[in-house]
Amino acid sequence: MTDEEVALTVSASTAPPQEEAPAPTPPAPEKRRGADTRALTQVLFAELKQLKPGTPEHNRVRGALIEANLPLVRYAAARFRSRNEPMEDVIQVGTIGLINAIDRFDPDRGVQFPTFAMPTVVGEIKRYFRDNVRTVHVPRRLHELWVQVNSATEDLTTAFGRSPSTAEIAERLRISEEEVLSCIEAGRSYHATSLEAAQEGDGLPGLLDRIGYEDPALDGVEHRDLVRHLLVQLPEREQRILLLRYYSNLTQSQISAELGVSQMHVSRLLARSFQRLRSANRIDA
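Residues numbered from 1 in each chain as written. Predicted model: local features only at pLDDT ≥ 70, side-chain atom pairs only at ≥ 80, totals over all residues. Heavy atoms only, no water.

The protein chain is annotated in an unreviewed UniProt entry as SigB/SigF/SigG family RNA polymerase sigma factor of Streptomyces pluripotens.

Shown next as structure tokens:
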């Protein structure tokens, strides 16, 4: 390993580690509220089991179960907050999963209802994103207009016995052809093309093969690991000098002022450190 390779990797290998913040502890009121909800859910399921499905009393207890467990749906929906979809829609879909879980839950199996219901709620939300949500977010106005363009296209296809032109769709909806084209392009955002799929017609490889590149930082991974291993073998003062020189970017004169030694002595210590690193590297190899 050359002096330049050691110098380039010292800063990355000597950076002090960052401590992770401890996970927050839920406040006591939240714990009590959750315990109360679980207790109420158990009572309602015990009552629901004694009632005949379809009766007003059965529907009342079932509705109370849904209402009591809506916080579970909101908790599951919060996991998808980054998807740029209205949270009200996500909660509504999750509520459908909650209702399905309530109808299928058997309290005699000894499983807590939240444990049973959560996979059903999350699965319903994931299915919604898979089947109904675009892979690329588009403005709401364009989405609403796309619905009209799609409906007009179906009506005109039935009337003409062929696919309508852009001008015919625009005339039907009284919008510009540019808006029709934008809506058609927005409709394609429901499905994403695989990066590994071959391009149709041009015979070229998939997009992933054409845009892929080798990360230049990969070449330094082994060097950084090696330098980290070798640095701990140096005396503490020499480790500090390397830290000041290549991590804090101090000059040799600044290091000499920091340590109270001459600049020539700092230069000799740096040279000796590199010599020790090279020797240790040859021994390890």
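Additional details are given in the paragraphs that follow.
Describe the packing of aromatic side chains, with residues and values.
In the structure shown here, the tally under the stated rule is 5 aromatic pairs. A centroid spacing of 5.1 Å and a plane angle of 50 degrees characterise the contact between Phe45 and Phe113, whose relative ring orientation is tilted. Taken as a pair, Phe45 in helix α2 (residues 28-49) and Phe113 in helix α6 (residues 113-132) lie far apart in primary sequence, 68 residues in all. Here Phe45 and Phe113 have matching classes, each one buried. Through a chain of ring-to-ring contacts, the aromatic side chains of Phe45, Phe105, Phe113 and Phe116 assemble into a single cluster. (Phe/Tyr/Trp six-rings, centres within 6.5 Å; stacked < 30°, edge-to-face > 60°. Helix = DSSP H or I, 4+ residues; strand = E, 2+ residues; numbered from the N terminus. Buried < 20%, exposed > 50% of the residue type's maximum accessible area, 1.4 Å probe, protein only.)

Describe helix α3 (residues 56-68), and please don't skip the residues or the numbers.
For α3, spanning 13 residues, the distance from its first C-alpha to its last is 18 Å, which sits close to the expected 18 Å at 1.5 Å a residue. Considered for burial, the residues of α3 that qualify are His58, Val61, Leu65, Ile66 and Ala68. (Expected span 1.5 Å × (residues − 1).)

Report on the pattern of salt bridges, specifying residues and quantitative values.
When the charged atoms of two side chains lie near each other, side chains of opposite charge can form a pair. A full pass over the atoms with the stated rule returns 10 salt bridges. For the salt bridge of Glu168 with Arg162, the shortest nitrogen-to-oxygen distance reads 2.8 Å. Overall, the relative accessible area of 41% leaves Arg162 in the partly exposed class. In this structure, Glu258 and Arg240 form a salt bridge, with 3.3 Å as the shortest nitrogen-oxygen distance. With Glu258 in helix α13 (residues 252-259) and Arg240 in helix α12 (residues 236-247), this residue pair connects regions lying 18 residues apart in the sequence. The exposure class assigned to Arg240 is partly exposed, which follows from its relative accessible area of 40%. If you follow the salt bridges from partner to partner, you end up with Glu47, Glu57 and Arg60 in one network. (Salt bridge = Lys/Arg side-chain N within 4 Å of Asp/Glu carboxyl O.)

Give me the UniProt feature "domain: RNA polymerase sigma-70" (unreviewed entry) in the protein chain: which residues, what numbers.
Here, UniProt's "domain: RNA polymerase sigma-70" (unreviewed entry) annotation points to residues 89-102. When the span residues 89-102 is considered, its composition is 100% helix and 0% strand, and the gap between its end C-alpha atoms is 20 Å. (UniProt positions renumbered as here; feature names shortened; annotations may be inferred.)

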